[in-house]
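Survey of secondary and tertiary structure
Here are the chains, one letter per residue:
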Amino acid sequence: MGWMISLTVIVIYLIIVLVIGSMAGRGRKSSVVEYIAASRSLGFIVMYFLMGGAIFSAFAYLGGPGWAYSKGAASFYILGYCALGLVPWWIWGPRALRLGRKYNYVTMFQLLSDRFQSNALSVICSVVALLAFIQYVTLQMKGSAYVFEVASEGRIPFWAGALIAYLVVLIYVFIGGVRAVAWTNVFQGAFMVVTAWALGLYFAYSLYGGPTAMFEKIAAASPTHLLVGPGAKMSYAAYFSAVLVSVLGFAMWPHLFMKSYTAKSEKVLKQTILLYPTFAIFMVPVLFIGFAGIMQITPDKLGPPDKILPWMFQQMQFPPAVIGLVLAAALAAAMSTQDTVTHGAASVFSTDIIEPLRKEKHSDQQVANLTRFFVLLFGGISYLIAVLGGQTLVALLLGAYGSIVQFLPLVVATFFWPRATKAGAICGLLVGVLYNYGIVLKFIPELGGIHAGIQGLVLNFVVLIVVSLLTKPMNKEHVHRFTE
Amino acid sequence: MSDTDYGIKVFRSDLPQGVKTRNIIFFIILSLIILIQCCYWFFANSVQPILMGMPFGMFFVVLFVFLEFLALLVLYLLESKEYKD
């Protein structure tokens, strides 16, 4: 009976999200700039939660406690990168915003393909991004499925849990575009933050008498769990490169970069970056949940570490309605990322793959409809991969970061180096991405625990510079449009 | 550097020297914060002392999140007069 009450709470939550999402885009004109960039009109609060919802994902809410539980101090990297992820955006966000208004860009790859005068580059970038997007969405779907599995005490199977949450996301993204994503994220973000604090502190106090006592017990039982380096779960080099690749790669995610085009002004963009580190502070109690689980269950009994948060609830004898609320918050974390990634992926499909390949361009209305169609297609493909695939949550995301960070040299060259050429851009990107996947797929040996993405990035920069210097410079007037 | 060459172009040509200097200073400060976060273990790879309910390593990471916020706040306030909107 208790599980029915928990599920009812989750269903109510889903209905609220669906209503907010469906209402958000009402009365707006159906155009590309509205569907993808909210007519460049979003204010600070909405932008803050729109960006925050992307980072406060299943990775953070379920993977974060999972890492604290299984890898200890290695999980501090999540705080570091949550806080720093948007800092580089201070440099390129306003530039992208200004150019977007001037030349009517709504996606990251429209900017890059215009700078390098290459539709091929647009298509290559899009394929790389879509591969990473699929990994990212798969991660969120698995998070949603865990939530339903726990809430129903195993009655709702994995495939059905993932499907329910994703159908809701598909409906409101299909109807409302980025405006629906933004407004649902405001609701979901506020909901998650309140629950995270309440839970993290509750577990630490109720199980150990407070966080200090909790950490003292953990340190006594497992002296290296709260450290990194030799004998701990993560080496110095791995920690260093995990933070670095995440910080450099965060704003390179196309669905986040393209939010430069949704902001009302440069001021709003910088306010969002300024307050973004608060999301790292919100993550502190989320990690407490994982640490609190260490003395409660052994890893062999728990199974995948990502299940630590749902497992903790089951053991605490909470009223079913409270369990429902907490699980709904975990679902909010997954859905608030699913929606923005799905929207981003569909936008990339329509504007950066289909349009550059066509001789006769679609009308504005047709591109908006095409994007809606790709919302459905991308959702379906991701769902199949989530249901049929494997791996734990965080490992999936780290693999994706390695390829996404390879867009960094293109962005740097666009804004700061007029000498960069089309050939240099394409060669550098291909070398960086292929090298990264070579390591991930174990064709190339690892180098001292350094993240594959960082190694690929170094090669990417070198190839971009060398090939650009060996090839004919691009038109001066054209390239200087992007550096001014 | 003239407008017509292909050299690295960090700043817009019309930006005053004072603004350029300020941006360079904040770039260095924020880069240092990123580097320190990347190798927090060099400074604080220990459990004790436990401060504000967090092991020292975690406290150090959170402290630098706060310092990052302060740096961004100062930069924002200095830049705020320049926003046209």
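Residues numbered from 1 in each chain as written. Chains lettered and ligands numbered in written order. Predicted model: local features only at pLDDT ≥ 70, side-chain atom pairs only at ≥ 80, totals over all residues.

1. Side note on the overall build of chain A
The cut-off we apply is this: Think of it this way: any DSSP run of H or I at least four residues long counts as a helix, any run of E at least two long counts as a strand, and we number them from the N terminus.
Each helix and strand in chain A was counted, giving 23 helices and zero strands. Projected onto its principal axes, the C-alpha coordinates of chain A cover approximately 65 × 55 × 40 Å.

2. A closer look at the overall build of chain B
Rules: This radius of gyration counts C-alpha atoms alone. The globule rule is 2.2 Å times how many residues there are, raised to the power 0.38. We call a residue exposed when 12 or fewer other C-beta atoms sit within 10 Å of its C-beta, buried when the count reaches 20 or more, and partly exposed for counts in between; the C-beta positions come from the backbone.
The secondary structure content of chain B amounts to three helices and zero strands. Secondary structure elements of chain B occur, N-terminal to C-terminal, as α-α-α. Relative to a compact globule of 85 residues, whose C-alpha radius of gyration would be 12 Å, chain B shows 18 Å and is clearly more extended. Along the first, second and third principal axes, the C-alpha set of chain B runs to 55 × 30 × 20 Å. Burial statistics for chain B: of 85 residues in total, 24% are counted as buried.

3. A short note on the interface of chain B and chain A
Quick note on the threshold: The contact rule is simple: place each C-beta atom from the backbone, and if two of them lie within 7 Å, those residues are in contact. Residues are sorted three ways: Asp, Glu, Lys and Arg are charged, Ala, Val, Leu, Ile, Met, Phe, Trp, Tyr, Cys and Pro are nonpolar, and all the rest, Gly among them, are polar.
With 33 residues of chain B at the interface, the matching set in chain A holds 42 residues. Ranked by the residues each element gives to the side of chain B that touches chain A, the list is headed by helix α3 (residues 56-79) of chain B, at ten residues. Here the residues of the side of chain B that touches chain A sort into 22 nonpolar, six polar and five charged.

4. Looking at helix α20 (residues 408-416) of chain A
Residues and elements named next belong to chain A. In terms of residue burial, α20 counts as a mostly covered element, since seven of its nine residues are buried. Listed as buried for α20 are Leu408, Pro409, Leu410, Val411, Ala413, Thr414 and Phe415. Elements that come into contact with the buried residues of α20 comprise α6 (89-103), α7 (108-115), α11 (236-250), α21 (422-440), α22 (452-470) and α23 (476-483).

5. Quick look at the packing of α20 of chain A against α22 of chain A
Residue and element names in this part refer to chain A. Convention followed: For helices, the axis comes from a line fit to the C-alpha atoms of the stretch in contact; other axes are also lines fit to C-alpha atoms, and the angle between any two N-to-C directions lies between 0 and 180 degrees. These descriptions rest on fixed angle ranges, namely under 35 degrees for roughly parallel, over 145 for roughly antiparallel, 65 to 115 for roughly perpendicular, and the rest for oblique. Crossing handedness: left-handed means the near helix sits turned counterclockwise from the far one by under a right angle, and right-handed means the same turn made clockwise.
At a closest axis distance of 9 Å, the pairing of α20 and α22 adopts a crossing angle of 40 degrees. The pairing of α20 with α22 is recorded here as oblique in orientation. In this structure, α20 crosses over α22, and the sense of that crossing is right-handed. In this structure, α20 contributes Leu408, Pro409 and Ala413 to the contact, and α22 contributes Leu457, Asn460, Phe461 and Leu464. Looking at the contact of α20 with α22 residue by residue, the classes come out as six nonpolar, one polar and no charged.

6. What to know about the nonpolar core
All names here are of chain A. Operational definition: Buried Ala, Val, Leu, Ile, Met, Phe, Trp, Tyr and Cys residues whose C-beta atoms connect them within 7 Å together make up a nonpolar core.
Ranked by internal contacts, the top residues of the largest apolar core, which has 198 residues, are Leu79, Tyr239, Met252, Met283, Leu327, Ala330 and Leu331. A per-element tally of this core places helix α9 (residues 158-208) first, with 22 residues. In this structure, Leu327 is in contact with Ser6, Ile10, Val147, Val150 and Ala151, ignoring residues within four places of it in sequence.

7. Things to note about the confidence of the model for chain A
Close inspection of predicted coordinates is inappropriate in any region flagged by low pLDDT. Which entries qualify depends on this criterion: Scored from 0 to 100, pLDDT reflects the predictor's confidence in each residue.
On average, residues of chain A score 86 in pLDDT, and 96% of them are at 70 or above. The weakest mean pLDDT in chain A belongs to helix α19 (residues 393-404) of chain A at 63; the strongest belongs to α20 of chain A at 95.

8. What to know about the environment of Gly432 of chain A
Residue and element names in this part refer to chain A. Here Gly432 is to be found in helix α21. Each C-alpha atom of the pair Gly432 and Val463 lies 8.8 Å from the other, and the pair is 31 residues apart in sequence. Leaving out residues up to four positions away in the same chain, Gly432 has contacts with Gln406, Gly456, Leu457, Leu459 and Asn460.

9. Describing unusual backbone geometry
Look at the link from Gln48 of chain B to Pro49 of chain B: it is a cis peptide, with omega at -5 degrees. Looking at the element boundaries, Pro49 of chain B is found in the loop between α2 (40-44) and α3. At Glu153 of chain A, a position not held by glycine, the phi torsion is positive, near 55 degrees. If you trace the backbone, Glu153 of chain A turns up in the loop between α8 (119-151) and α9. The class for Glu153 of chain A is partly exposed, based on 13 C-beta atoms found within 10 Å.

10. What to know about the packing of helix α1 (residues 17-38) of chain B against α3 of chain B
What describes two packed helices is the angle between their axes and the distance between those same axes. Residues and elements named next belong to chain B. Running from N to C, α1 and α3 cross one another at 165 degrees; their axes reach a closest spacing of 10 Å. It follows that α1 is roughly antiparallel to α3 by the angle criterion. As for how α1 packs across α3, the hand of that crossing is left-handed. Along the contact surface, α1 presents Arg22, Phe26, Ile29, Leu30, Ile33, Ile36 and Gln37, while α3 presents Val61, Phe64, Leu67, Glu68, Ala71, Leu75 and Leu78.

11. Examining α11 of chain A
Where we set the bar: By this rule, a helix spans an expected 1.5 Å times one less than how many residues it contains.
Taking 1.5 Å of rise per residue, 15 residues should cover 21 Å, and α11 of chain A covers 21 Å from first to last C-alpha, within 8% of that figure. The buried fraction of α11 of chain A amounts to 13 of the 15 residues, a majority that puts the element mostly inside the structure.

12. Some remarks on the environment of Ile28 of chain B
All names here are of chain B. Within the fold, Ile28 resides in helix α1. What makes Ile28 exposed here is the crowd of 10 C-beta atoms within 10 Å. Taking the C-alpha atoms as reference, Ile28 lies 30 Å from Pro49; in sequence the two are 21 residues apart.

13. Quick notes on the environment of Ala242 of chain A
Residue and element names in this part refer to chain A. Relative to the helices and strands, Ala242 is located in helix α11. For Ala242, a count of 25 C-beta atoms within 10 Å corresponds to the buried category. Residues Ala242 and His255, spaced 13 residues apart in sequence, show a C-alpha to C-alpha distance of 21 Å.

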